[in-house]
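Listed here are the chains, written in short residue letters.
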Amino acid sequence: MLVLALRSVRQRPGRFLATLLSAFLGAAIVMAFHSMHDTAGAPGVDPVSSETLRTAAGVVGGYGTLLVFFAVASALTVNVRQRAAELELLRCSGATPGQIRRLVVGEAVAVALMGTAAAVLPAVLGGRLLVELFQDTGQVAGSVDHSFGAVALSSGVGVTLVASAGAALLAVRRVTRGRRRTVRRRPWLAWAALAAGAVAASSTFAFSATDEMLMAFPAQGAILLSVGFALMAPRLLTGVLGRLSPGGASGWLAVRNLRRRAGELSGILMALILFTAVSTATLTMQAVESDAVAASGLVKSVDAKNLETLNYTVVGIVVVFVCVMLVNSLYAATTYRGREFGQQRLAGATPGQVLGVVGVEGLVLTVVGLLFGTLAALAGVVPFTVVRGDAVLPGQLAGVWAAVAVVGAAATVGTSLFTARRVLRTPAVRAVGATA
């Protein structure tokens, strides 16, 4: 099966492009930040610089590991779902479920190894830039030189391989065994995450305005609540769509398509919710904190500078990964609808009408993702602002939310329309015949 997996990757490299890109970016980020451990352990590094470097590696490296798994899982899930007919043919030809799993996992591991190998040089350059950034802000001594060693390389290879293999197993299991067990477990996990997020957010009121740990609990609350909403994505989308009464043919078709494909689109909605909640909560709370420190006339401590740098870095990583997940998933899902678009055109729809339907679908997904992501973010922002600034809603929220909404809408609606336009270049008869 391993030979067959390698042959499959060589014969159809375009099929694995999204997975390769996710593995490449994930490995590059994980190795760049884990190289801070190598740098901190080098001879002659002072204790303050070492603590800063290890904190950055631990916090951002942990987030990076989770994001690698989600990004690779998103790409592989779309890949495996679109190959359901091919995998079913293999099973009908005598292949056992175990052999099919080994085939898909072998493909994922091969792609992950290629992505990791290509990510080494960017990770080295990224690690150097991080050290220079810490040095420019006075958090790391200027005499510290960047080191890229065993910790960075082993973490990059290990995390990417484990994430790819695990994501591949989950993806192929849904196709070969169905999703009934997953559906049963998801509500419990979602409610547990929502409960934990509510407890963490409400714990903010137990701290004082100047406590160093004040931002930690509302941030964790917003993240956990966004995870809970993300796990409930299919139910949330179905519930919102059930209350929509769109006007016009494009709106009616868009809502009908979204209802039919709610399960398939849950990964896209998950990414939007997580992106909106993490970005809005983190950037807003950091802006409130920075303005409060500036108003008091105090100078930020080294720990405060470290926290600010980590917050902006985490948000940057989240934005990059979520955009990659959205673009990969939407591109693959829209490209796969070539036959559907061809049938609509043969039934009398114009290319403009097809694009209108796709645009409305992307807009609805964006609005739902922004709605629940914003609710999760507010659960952290409001308690933090009440304790830190004696207000309920901070003035910085509007600008941050608008920027997040623009990025989310551009990634979702823009990718859908761009891909659909490319698919529509194929004549309708050829599109229907090629995929029949």
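How each quantity is defined
- Residue indices follow the written sequence of each chain, beginning from 1 at its first position.
- Since the coordinates come from a predicted model, pLDDT governs what is reported: local features require at least 70, and pairs of side-chain atoms require 80 or more to be given and counted, while whole-chain, interface and lining totals use all residues.
- With hydrogens and water excluded, all non-hydrogen atoms of the structure serve as input to the side-chain values.
- The helix count covers DSSP runs of H or I at least four residues long, the strand count covers runs of E at least two residues long, and both are numbered beginning at the N terminus.
- The rule is simple: take the accessible area with a 1.4 Å probe, protein chains only, and divide by the maximum for that residue type; under 20% is buried, over 50% is exposed, in between is partly exposed.
- Contact criterion: two residues are considered in contact whenever any of their non-hydrogen atoms come within 4.5 Å of each other.
- Areas reported here follow the Shrake-Rupley algorithm with a probe of radius 1.4 Å; residue values treat only the protein chains shown as occluding.
- For this analysis, a salt bridge means a side-chain nitrogen from Lys or Arg found within 4 Å of a carboxyl oxygen belonging to Asp or Glu.
- Multiplying 1.5 Å by the residue count of a helix minus one yields the expected span of that helix.
- Definitions used for this entry: grid spacing 1 Å over protein atoms alone; cavity, a set of points where a 1.4 Å probe fits but cannot get out; pocket, an open set with protein on both sides within 12 Å along at least 5 of 7 lines; lining residue, one with an atom within 4 Å of a point.
- Grid points are joined across faces, edges and corners, and a volume is the space filled by probe spheres set on the points.
- Gly is put with the polar residues, along with every residue not named as nonpolar or charged; the nonpolar set is Ala, Val, Leu, Ile, Met, Phe, Trp, Tyr, Cys and Pro, and the charged set is Asp, Glu, Lys and Arg.
- Here the axes come from fitting lines to C-alpha atoms, over the contacting stretch only for helices, and the angles between their N-to-C directions go from 0 to 180 degrees.
- To sort the angles, those under 35 degrees are grouped as roughly parallel, those over 145 as roughly antiparallel, those from 65 to 115 as roughly perpendicular, and the leftovers as oblique.
- Crossings are classed by handedness, with left-handed meaning an anticlockwise turn of the near helix from the far one by less than a right angle and right-handed meaning a clockwise turn.

A.B. asks: So what exactly am I meant to see when it comes to the overall build of the protein chain here?
C.D. replies: Scanning the protein chain for helices and strands turns up 16 helices and zero strands. Relative to its 436 residues, the protein chain shows a buried fraction of 48%. In the protein chain, the proportion of contacts linking residues at least 24 apart, taken out of those at least 6 apart, comes to 84%. Working note: accessible area of the protein chain is about 19,800 Å², and carbon and sulfur atoms make up 66% of it.

A.B. asks: Just checking my understanding: could you explain the environment of threonine 77 for this structure?
C.D. replies: Note that threonine 77 resides in helix α3 (residues 47-82). Between the alpha carbons of threonine 77 and alanine 167 there is a distance of 7.8 Å; along the sequence they are 90 residues apart.

A.B. asks: Help me understand the side chain of serine 50, please; the structure alone is not making it clear to me.
C.D. replies: Structurally, the position occupied by serine 50 is in helix α3. Relative accessible area serves as the criterion here: at 13%, serine 50 is assigned to the buried category.

A.B. asks: Please explain the pattern of salt bridges as it appears in this structure.
C.D. replies: A pair can form between side chains of opposite charge whenever their charged atoms are brought close. Enumeration over the complete set of coordinates arrives at three salt bridges. The partner of arginine 337 in a salt bridge is glutamate 340, with the nearest N and O atoms 2.8 Å apart. Each member of the pair, arginine 337 as well as glutamate 340, is classed as buried. Residues joined by salt bridges that share partners form a network here, namely Arg337, Glu340 and Glu361.

A.B. asks: Help me understand helix α2 (residues 17-40) in this model?
C.D. replies: With 24 residues, α2 ought to run about 34 Å at 1.5 Å a step, and its terminal C-alpha atoms sit 35 Å apart, in line with that. With 19 of 24 residues buried, α2 lies mostly within the body of the structure.

A.B. asks: Can you walk me through empty space enclosed by the protein in this structure?
C.D. replies: Where empty space is left can be seen by rolling a probe of water-molecule size over the atoms. For the structure shown, the criterion picks out one cavity of 30 Å³ or more. Along its surface, the largest cavity is lined by Leu258, Arg261, Leu265, Leu330, Ala333, Thr334, Arg337, Val358, Glu361, Gly362, Leu365 and Ser416. Every element with two or more residues in the lining of the largest cavity is listed here: α12 (302-335) and α14 (351-389). If you tally residues by element for the lining of the largest cavity, the top one is α14, at four residues. Looking at the lining of the largest cavity residue by residue, the class counts come to six nonpolar, three polar and three charged.

A.B. asks: Any chance you could explain the side chain of glutamine 286 here in plain terms?
C.D. replies: With respect to the helices, strands and loops of the structure, glutamine 286 is situated in helix α11 (residues 266-296). Here glutamine 286 is in contact with Met215, Lys300, Leu307, Glu308, Asn311 and Tyr312, once residues within four sequence places are set aside.

A.B. asks: For this particular structure, what's the right way to read the packing of α2 against helix α5 (residues 97-136)?
C.D. replies: Relative orientation and spacing of two packed helices are given, respectively, by the angle between their axes and the distance between those axes. The geometry of α2 relative to α5 is characterised by a closest axis approach of 6 Å and an angle of 45° between their N-to-C directions. In this view, α2 runs oblique relative to α5, as classed from their interaxial angle. Both α2 and α5 take part in a crossing whose hand is right-handed. For the contact of α2 with α5, a count of residues per class yields 20 nonpolar, seven polar and no charged.

A.B. asks: I keep staring at helix α13 (residues 338-346) and nothing clicks. Help me out?
C.D. replies: Along an α-helix, residues three or four apart share an orientation, since each turn contains 3.6 residues. All of the buried residues along α13 are Gly338, Glu340, Phe341, Gly342 and Gln344. Glycine 348 sits one or two positions beyond α13 and adopts a positive phi of about 120°.

A.B. asks: Could you clarify how one ought to interpret the environment of alanine 277 in this entry?
C.D. replies: Here alanine 277 shows up in helix α11. On the basis of relative accessibility, which here comes to 0%, the residue alanine 277 falls in the buried class. Along the sequence, alanine 277 and leucine 371 sit 94 residues apart, while their C-alpha atoms lie 9.6 Å from each other. If we ignore the near neighbours within four places in the chain, the residues touching alanine 277 are Ala222, Ser226, Gly373, Ala376 and Ala377.

A.B. asks: How should I be thinking about the packing of helix α9 (residues 233-242) against α11 in this particular structure?
C.D. replies: The geometry of α9 relative to α11 is characterised by a closest axis approach of 9 Å and an angle of 95° between their N-to-C directions. Judged on the interaxial angle alone, α11 and α9 are roughly perpendicular. Across the interface between the two elements, Ala233, Pro234, Leu236 and Leu237 from α9 touch Ser266, Leu269, Met270 and Ile273 from α11.

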